[in-house]
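Per-entry structural report
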Number of protein chains: 2
Amino acid sequence: MAKGELCAETKRGNMKIAAFAMALFFALGSAAVADEGMWTFDHFPSKTVGAKYGFTPSQAWLNHVRASALRIAGGCSASFISPGGLVMTNHHCAVDCENSLSTAQTNLVQNGFYAKTQDEETKCPGFEIDQLTGIQDVTKQMLAATKGLTGAAFTAANRVENAKIQKQCGGTNPAIRCDVVSLYHGGVYDIYKYNRFRDVRLVFAPEFAVAQFGGDVDNFNFPRFDFDIALLRVYDNNKPAATPSYLRWSKNGSKAGDLVFVAGNPGSTQRELTVAQLAYLRDVSLPKEVAQLAELRGLLEEYQTLGPEQKRTTNDSLFFIENDYKVIVGQLQALDDPTLFGSLVAKERKLRALVAKQPALQKQYGGAWNQMAALQKLRERLDTLEGYKSGAFLRSSSYFGIAQTLVRAPVEKAKPNAQRLPEFSDAALPFLPYELFDPTPIYPAVEQLDLTFALDNLRREYGPADPFVQLMLQGRSPADQAQYLIANTQLGSIDARKKLYAGGEPAIAASNDSFIQLARSIDAETRAVRKQYEDQVSNPTRQISEAIAKARFAIEGTSVYPDATFTLRLSYGKVAGFTDSHGVIGPFTTIGGLFARASNADPYVLPQSWLDAKSSLDLQTPMNLSTTNDIIGGNSGSPLIDRNGDVVGLIFDGNIHSLGGDFGYDPVLNRSVALDSRAIVAGLTHVYHADRIVNEIAGTP
Amino acid sequence: MAKGELCAETKRGNMKIAAFAMALFFALGSAAVADEGMWTFDHFPSKTVGAKYGFTPSQAWLNHVRASALRIAGGCSASFISPGGLVMTNHHCAVDCENSLSTAQTNLVQNGFYAKTQDEETKCPGFEIDQLTGIQDVTKQMLAATKGLTGAAFTAANRVENAKIQKQCGGTNPAIRCDVVSLYHGGVYDIYKYNRFRDVRLVFAPEFAVAQFGGDVDNFNFPRFDFDIALLRVYDNNKPAATPSYLRWSKNGSKAGDLVFVAGNPGSTQRELTVAQLAYLRDVSLPKEVAQLAELRGLLEEYQTLGPEQKRTTNDSLFFIENDYKVIVGQLQALDDPTLFGSLVAKERKLRALVAKQPALQKQYGGAWNQMAALQKLRERLDTLEGYKSGAFLRSSSYFGIAQTLVRAPVEKAKPNAQRLPEFSDAALPFLPYELFDPTPIYPAVEQLDLTFALDNLRREYGPADPFVQLMLQGRSPADQAQYLIANTQLGSIDARKKLYAGGEPAIAASNDSFIQLARSIDAETRAVRKQYEDQVSNPTRQISEAIAKARFAIEGTSVYPDATFTLRLSYGKVAGFTDSHGVIGPFTTIGGLFARASNADPYVLPQSWLDAKSSLDLQTPMNLSTTNDIIGGNSGSPLIDRNGDVVGLIFDGNIHSLGGDFGYDPVLNRSVALDSRAIVAGLTHVYHADRIVNEIAGTP
C-alpha cells in the first residue's frame, strides 16, 4: 500500500514525464521565481519585488494603495479614482445596478448610462462598497476559544468568539463592517475592519454590447476587445463622500515588460487543499456542478428566445451562469490534466516529507492528511444532503430566501447573541433590513424557471417517495408547485415584507403566504441538516486544515501567501503576452482591432456610439492588455497600478489558461486581462463625451 | 517510475482496499462464476449454464430463439410472438412511429393506440426490422485483405473487402441485409445475414404516462412500475408476414431464482478497451458529453413549457436526451469510482503479464498497450475536429443530413464501388431512398433549436475568426443563421428531395436551397477531416485493438464473449433483487404498487384507462421484475425467456447500478429490469380490451 500511495492520485501514467517537468512550476517555493501570489498587505514581499523588478514598495506606498482599493460586497473589486468618491469597477460588477434601474421601457444594460450632471447620478439598490481601514491579528483569541474542542462544541465556541470579536470591533454601527477572516485555513485569524458605504450611485456604464464585446464566446480569451468599465460614486449624507485616498491616473499607461500591481479581492483559491480534497472536487463535486450549470444555461438560453423582455430580465443571470460554467469546466479540465494534478501530488509529498523529518511536527500534525482523506468518503452523501435538505438549493429563489430570513429572524433574535446563526448575530443584524427590503425587482417568470429547476433536481435526487420531497412538492409536480407558490405569495411587495418583519413570530405564524408557510414547514429539518453538516464536515475540515496549516507554518512561515478569501490582496507582475497552441500572442490589442472584429452577428455587434466615434478615435490606442499578475474571480474591477501607484488599467478577466489558477499558478501561460487606461480615456472622451468625468479623473478642475 | 505505473490509473488511493476486494468480481474469468456475458449464438456457453442451473440449451433451442429474436434498425430489440408476424418491443422503441403518426390534433404518444381490427394497423414510416438468418466467419478473408497495410491504404482495403463481402452475401435485394461485424475489436470478422422487414405497422401502444410511468425520475431505477410495451406487425406484400419461428407465451411467468435468458442486441460495451482508452473517456470525452447533453436538455425542457404542441414535437427527443444523460453520467461516475477503475487496471495488468510470459506473443503484441496510450494523446484535438469539421455536429439537423446525402450521392455513385464512402456502397445504396424520402415530419421550430445549439457550440469551440466557422455562419449569429437556413430550404418536401436525387449533380449544382448550398460549400473540408480522422485515429485504433484482441485470443479463445456490437446476443441469469444503500430490494413489484405510487403530479399521473380498470385488475399481479442478466442499451425490447423458450417478460431497462455495465459486470448490484408477462396479459385484457391480440399471443384461434 505504501508504494502505491505515492502515485495513487496521478492520472494517466503515460504522461508522467511531462507532469514531472511541469511540476517545477507549481512546486513549493516557486513564488520566488514566478510572479505568483495573492499577498496580504501586511505580509507583502516587497524585497522580492525589489530584487526582481528594481522597485521596492514602501510601507507608505502600500498604505496608499490599500486605502484606495475597494470591495463590492456582491463579489467584485474596485478603487477610488478621485477625491470626490468616484469609484472605478467593471461593467459586469455594476450590471446588477443597471438591471435594477431598468424597466421594460428603459434598458440601461443595453443602452448604457451616463449622468451628465451629478444630480443625475442614480442610487444602486442594495449596493455596498467596503474600504479596508485596518487588519489585526486575532489568532490567539480564536484558537484559545476552541482549544481542545471538536464537533458541535467547536462550532458553538467558534461562532461565539467570532461574534464577540466582530461586535468588539464594529459595535452596531452600520457604517463599519468587521469580518473575522480565517487565513491559511485557520493558521491565522485576522479581523478586517472596513468603512462601509451603502449609498452607491451609478455614474457611467457603457452599452452591454461593447462592455461584454464577444460575450461568452470571447470570455476568458485573449486577444480581447472589451470596454468592461462602470463608474460609481459613494455618497455620505446625500453628498459625494470625501475620499482623500484615491489612485491617480497614469499619464502614459504601460508598455510590455513594465512592473504592474493588482490590488483587489480574489474570491477563493484552493491551492492549500490536500490531494484527497482535490480528488473529491475532480471526481465528485465539480462534475455535478458542470452538469447542473449546463442545464440551467440551456433553460435560460431558450427562455431568452421568447423576446426582449425575457432577455433583459435574465441577461444578468445568464452572464454569470455562462461565466461560472466556463470557470468550472476550466477547473475540471485542470484537475483532469495529469500534468497539473501530478504537480500537486508532488507538492504535497514534499511538504509531508519535510514534516516527517521533524518528529515533533510529525507527531502533532503528521496524521492530518490521512484524516482529511477519510473525511472525503463521508462527503458525497453529506454534501448532497446539505445542498438539498438544508434548503440551500432553494436560495436560487429570491422569494424563498426572503421567506426563510423572515421565518428565522424572530426566533434567532430571541436567543443570546452567541447562540444565533451567524447571519443573525448582533454584528450582522443591522444589515438584515437592507437585504430583506432590497427593492431589486423579482420577476415571477424567472422565479418559475429557477424554482422548477430546483424542485425538479430535488426530486431527481431523492425520488418521489422521500418525505422531504413530499413536503416540498405537496403532491404537485415541480412546475405546478412552483406556479402555486409564486401565485400565492405577497413577498414581491416590500411593504408586505416589512409588516412580517415588524410583526415578529405572531405575524409569521398567522401568515398564509405560500413561501412563509413553506419555509416554516421545513425549518426544523433544514436547521438539523445544516447543523449535521457543520458538525460532521465543515468543522472537521476546518480543524484538520488548521493542523495542516500549522505544520506548513512551522516550515514556511508567512513566506507563502494564503489561499484567497475575498479579502484585499496585492499581486505583482509585468505586462506580457504568452505563447500557446494558437501561437505567439502579444500583450496589447488596439481599438482598431475592436473595429476589425466587429460584425453584424451577436455578440460582435458594436453599439452605434462606437461606430459614430470611429473617425475621431486613434485606432492605434491600446484596448486591452495581458499581464502576469496572479488573480482569480473576485479580482474583477481591480485597478492595474504601476510603480508610481497610478492607474494603467482595469482588470476584468483572465485568459483561458488562468482557469487552472484555482489550484496553482503557471507562469508560462496564466495571464490576467485588463482594459487599458488609455482606452478608458479615449472612450469616455470621444465616444461618450463624458468630459466632467474625464476632468475629474485627470485632476483637472 | 516502474513502481508508479502499477497504480498510475487508480484514483483516490484511500479507497484502494475496497477496490482490490471488488476487483475479484471484474477480474478475468469471472464470467464462469457470475451471470456475466453477452454471448454470440455461435459460442454460447451452454455447458456453463447447465452446470450452474441444471438446464443445458440445445442447438435446436438456440436456433429457435435466434430465429424468433429481432432487431429494430433504430437501436432496439424485439421478438416475434405469433406466427402471424406480431412483434413485441418496448413502447420507447416504437415511440418514433407513434410520433410520426401523430398530429397536433391526434397525439398517439399521449393517448396510446390500439388497432381493433387488422385493417387499422398503421404503417410506421421509416421502420425496419431485421431477423438474423445466418452467421458466417469471414475473418481470414478480411485480415488477408488488409495484411501489412496501415493508414489510408488500410482504410481503403478494409472498405473494399467489406463492400465485396456484403455484396456477395446480399446482392442488391432490399429484403436481405448483410453486415460485416467486427467482434473482439477485429479479432473475429463475421458476416451477419438478415431478413429485412420494411413494412412495419403499429398494432398497439399504451399511453405514454403508463409506459414511461415515473419518467426520467424513475428511469434506471428499481422498484419500477412501467407498462413499457408496444406491439408491431411485419407485413409482406401487404399481408401479415408468415413467421413460423416465434416465442410462445409462458402460462405461469417466472418466480425468484428462476433461470431466465435475454435474446437481444446490446448496442455497445467498452469492456475490452485499454486503461488508456478508459482514462481518455473519463478525463476528456465523457465530461464534454455530459455538459452538452445537460445544456440541450435545458433548452428542450424550457421549449416544452411553451405548450402542448411544443411538448408533443420534442417529447421523443427529450426522452432520449434524458436517457443518454443518465447513462453517460452513470458511466462517468463508474469510471470516477476507484473501485471499478482499479479493477480494470488490475484486469489489464493480469492480461499483459500473461502475454509477457510468452515471448512470441510479447514480441508480436506486447507493445500494443503503449501504442494505444500514445494514440490517446492525439485524440483530444482530433476528436473535436472530427466532431465539428467533418460536419458530424450538424447531423442533429434533419435538413442538413438530407442535404449532405443528396450532395454526396451523385459524386459517390459515379465512383467504383470500392472507392465510395461506405454509406454509398452497392450494398447500402438500395436503402438510401428509404432514408432520403422518410416521411417523418421535420418541425422547423425544433430544427431552429437544434441548429442554433450546434452552430453556437461550433463557434464556442473555434471562435468567430476561424474560416470554417465563418463559412458556416456566413456573417450571422448562430440563431440568425439557423433561421436563415430553415427559411430558405425546400427539403421539408419529399417531392423536392426526390427531384434533387433524380436530377443528380446538375440538379444539385443548380439548386439554390440553403442547406444544399451549405452542404456543398463545406463538402471538401468535411471529407478531408473525415479522412484524416480515419487515417490517424479510427484505423490505428482498430489495428492496435486487433493486436490486443489477437493476444487475448491466444490466451482466452472464445471462452470470453466479445464487446457488444448491436448484433444478436444471448445472456443468461436468474430472477433476483439486490441490496444496496436503500436496503433489500425484492425482484418483483405489483400492479397494486403502480396504483400506490400514482399521484396527480407529473410523471406519476396514471391515464384514465388504468384508473377505470383498477377494480377489474388483480393488484397482486407482478408488474416489473429484476434479473441478473447482463444487458446494455440496445437490449430494450428484448424478450425475457424461460428454459422452455417461452416469454416471461419484456426487458425495458437496467437498474442504476447497471450503468457501470459499459465497463464491467457487477453480479452483486447490476440488474436488468423487465415488464412481467403476466402484467402484459392483465393490461391488454382488462385495461385495453385487446382481445384479438391476447388470443393471438395465447395461441387461441
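In this text, all values refer to a predicted model and were calculated from it rather than measured experimentally.

Procedures and definitions
Residues numbered from 1 in each chain as written. Chains lettered and ligands numbered in written order. Predicted model: local features only at pLDDT ≥ 70, side-chain atom pairs only at ≥ 80, totals over all residues. Heavy atoms only, no water. Helix = DSSP H or I, 4+ residues; strand = E, 2+ residues; numbered from the N terminus. Buried < 20%, exposed > 50% of the residue type's maximum accessible area, 1.4 Å probe, protein only. Areas by Shrake-Rupley, 256 points an atom, 1.4 Å probe, with all protein chains shown as cover. Lys, Arg positive; Asp, Glu negative; His and termini not counted. Charge placed at Lys NZ, Arg CZ, Asp CG, Glu CD. Expected span 1.5 Å × (residues − 1). Pairing = 2+ DSSP bridges. Axes fitted to C-alpha atoms, helices over the stretch in contact; angles between N-to-C directions. Contact = heavy atoms within 4.5 Å. 1 Å grid on protein atoms, 1.4 Å probe; cavity = no way out; pocket = protein on both sides within 12 Å on 5 of 7 lines; lining within 4 Å. Points joined across faces, edges and corners; volume = space filled by probe spheres on them. Nonpolar A, V, L, I, M, F, W, Y, C, P; charged D, E, K, R; others polar. Disulfide = S-S within 2.5 Å. pLDDT = per-residue confidence, 0-100. Salt bridge = Lys/Arg side-chain N within 4 Å of Asp/Glu carboxyl O. Phe/Tyr/Trp six-rings, centres within 6.5 Å; stacked < 30°, edge-to-face > 60°. Lys NZ or Arg CZ within 6 Å of the ring centre and 35° of its normal.

In terms of regular secondary structure, chain A is built from 27 helices and 20 strands. Referenced to the eigenvectors of the C-alpha coordinate spread, the extents of chain A come out at roughly 65 × 65 × 50 Å. For chain A, buried positions account for 61% of its 701 residues. Taken as a whole, chain A presents about 26,200 Å² of accessible surface, with 54% of it coming from carbon and sulfur. Looking at charge distribution, chain A has the averaged site of its 69 positive side-chain charges lying 6 Å from that of its 74 negative ones.

With 19 residues, helix α13 (residues 338–356) of chain B should reach 27 Å at 1.5 Å per residue; the first-to-last C-alpha distance of 26 Å fits that figure. Of the residues making up α13(B), those classed as buried are B:P338, B:T339, B:L340, B:F341, B:G342, B:S343, B:L344, B:V345, B:E348, B:L351 and B:V355.

Residue and element names in this part refer to chain B. The antiparallel open sheet is built from seven strands, whose spatial order is β13-β12-β18-β19-β20-β17-β16. The two strands at the open ends of the sheet, each matched to only one other strand, are β13 (569–574) and β16 (588–590). The average angle at which neighbouring strand axes cross in this sheet is 30°, direction not considered. Together, β12 (259–264), β13 and β18 (639–641) form the strand contacts of helix α4 (residues 59–68), whose direction differs from that of β13 by roughly 110°. Sheet strands in contact with helix α26 (residues 677–687) are β16, β17 (622–627), β19 (647–654) and β20 (672–676), and its direction is about 35° off that of β20.

Below, the discussion takes up the pairing of strand β6 (residues 129–137) of chain B. Residue and element names in this part refer to chain B. Where strand β1 (residues 69–72) and β6 come together, three bridges link them in antiparallel fashion. Bridging from a neighbouring strand, R71 pairs with D130 of β6. For β6 and strand β8 (residues 188–197), the ladder comprises eight bridges, and the chain directions are antiparallel. Paired with G134 across the strands is K193, a residue of β8.

Here we take up empty space enclosed by the protein. Residue and element names in this part refer to chain B. Following the criterion strictly, the structure yields eight cavities of 30 Å³ or more and no others. The space that makes up the second largest cavity amounts to roughly 140 Å³. Lining the second largest cavity are 14 residues; nearest its centre among them are R271, L273, K347, E348 and R552. Secondary-structure elements contributing two or more residues to the lining of the second largest cavity are α11 (275–304), α13 and α23 (523–556). The dominant element in the lining of the second largest cavity, judged by the number of residues it contributes, is α13, at four residues. Residue composition of the lining of the second largest cavity, by class: eight nonpolar, one polar and five charged.

Let's shift gears to the state of the cysteines. Residue and element names in this part refer to chain A. Within the structure shown, the criterion is met by six disulfides over all chains. The partner cysteine of C169 in its disulfide is C178, sulfur to sulfur 1.9 Å. Its S-S torsion of about -60° marks the bond between C169 and C178 as left-handed, since a negative value means left-handed. Of the two residues examined, C169 and C178, each falls in the buried class.

Here we come to the sheet that holds strand β19 (residues 647–654) of chain A. Residue and element names in this part refer to chain A. The strand order across the open sheet built from seven strands is β13-β12-β18-β19-β20-β17-β16, with neighbouring strands paired in antiparallel fashion. Since the sheet does not close on itself, it has two edges, and those belong to β13 (569–574) and β16 (588–590), each with one partner. Taken pair by pair, the neighbouring strands of this sheet meet at an average axis angle of 30°, ignoring direction. For strand β18 (residues 639–641) and β19, the ladder comprises three bridges, and the chain directions are antiparallel. Residue pairing across strands places L640 opposite G649, the latter belonging to β19.

Residue and element names in this part refer to chain B. Among the secondary structure elements, L675 is positioned in strand β20. Classification of L675 as buried rests on a relative accessible area of 0%. Those residues in contact with L675, other than ones at most four positions away along the chain, are D226, F227, D228, I229, M623, N624, L625, V648, G649, L650, F652 and I680.

Moving on to the confidence of the model for chain A. Residue and element names in this part refer to chain A. Per-residue pLDDT for chain A averages 91, and the proportion of residues at 70 or more is 95%. Taken as a whole, residues 1–32 scores under 50 in pLDDT and shows 84 contacts with residues more than four places along the chain or in a different chain. The ipTM value of the predicted complex is 0.83, and its pTM value is 0.85.

So, about the pattern of salt bridges. For the structure shown, the criterion picks out 88 salt bridges over all chains. Residue B:R71 is joined to B:D179 by a salt bridge in which the shortest nitrogen-to-oxygen separation is 3.3 Å. Of this pair, B:R71 sits in strand β1 while B:D179 sits in strand β7 (residues 176–183), and the two are 108 residues apart along the sequence. For B:D179, a relative accessible area of 16% corresponds to the buried category. A salt bridge links B:R224 to B:D226, with the nearest nitrogen and oxygen atoms 3.2 Å apart. Looking at B:R224, the relative accessible area reads 2%, which means it is buried. Through salt bridges that share partners, A:R71, A:E128, A:D130, A:R177, A:D179, A:R196 and A:R198 make up one connected network.

Residues and elements named next belong to chain B. Inspection of the secondary structure puts G134 in strand β6. Distance in space between the C-alpha atoms of G134 and R66 is 9.5 Å, their sequence separation being 68 residues. Discounting chain neighbours no more than four positions away, the residues touching G134 are R66, I191, Y192 and K193.

Looking now at the pairing of strand β2 (residues 76–80) of chain A. Residue and element names in this part refer to chain A. Burial runs high along β2: five of the five residues are buried. Burial along β2 is two-sided: the face carrying C76, A78 and F80 and the face carrying S77 and S79 are both buried. Where strand β1 (residues 69–72) meets β2, four bridges bridge the pair, whose relative direction is antiparallel. Along β2, the bridge assignment pairs A69 with S79. Between β1 and β2, which pair antiparallel and follow one another directly, the connecting turn spans three residues, one of which, G75, has a positive phi of 135°. As judged from the two bridges shared by β2 and strand β3 (residues 86–89), these two strands associate in the antiparallel manner. Bridge pairing in β3 links F80 to V87. The antiparallel pairing of β2 with β3 creates a hairpin that spans five residues between the two strands, and G85 there sits at a positive phi of about 80°.

Let us now look at the environment of A:A241. Residue and element names in this part refer to chain A. On the secondary structure map, A241 appears in the loop between β11 (239–240) and β12 (259–264). A241 sits 164 residues away from S77 along the chain, and the two C-alpha atoms are 18 Å apart. Residue contacts for A241: discarding those within four places in its chain leaves P83, G84, G85, F197, V234, Y235 and D236.

Attention now goes to helix α26 (residues 677–687) of chain A. Along α26(A), the residues classified as buried are A:S677, A:A679, A:I680, A:A682, A:G683, A:L684 and A:V687. Positioned one or two residues after α26(A), A:H689 has a phi angle of 50°, which is positive.

The tally for this structure, following the rule as stated, stands at 42 aromatic pairs over all chains. The interplanar angle of 70° and the centroid separation of 5.1 Å between the aromatic rings of A:F227 and A:W610 together place this pair among those described as edge-to-face. Of this pair, A:F227 sits in the loop between α10 (215–218) and β10 (230–236) while A:W610 sits in helix α25 (residues 608–613), placing them 383 residues apart in sequence. Residue A:F227 shares its accessibility class with A:W610, and that shared class is buried. For the pair B:Y388 and B:Y462, a centre-to-centre distance of 6.1 Å together with 90° between the ring planes defines the contact as edge-to-face. Here the residue B:Y388 occupies a position in helix α15 (residues 368–389), and B:Y462 occupies one in helix α18 (residues 444–462), the gap between them amounting to 74 residues. Judged by its relative accessible area of 9%, B:Y388 falls in the buried class. Through pairs of rings, three or more aromatic residues link up here, namely A:F44, A:Y53, A:F55, A:W61, A:F261 and A:Y572. The cationic tip of B:R196 hangs over the ring face of B:F431; the distance from NZ or CZ to the ring centre is 3.2 Å. Positioned above the aromatic ring of B:Y462 is the side chain of B:K389, whose terminal nitrogen or guanidinium carbon lies 4.0 Å from the ring centre.

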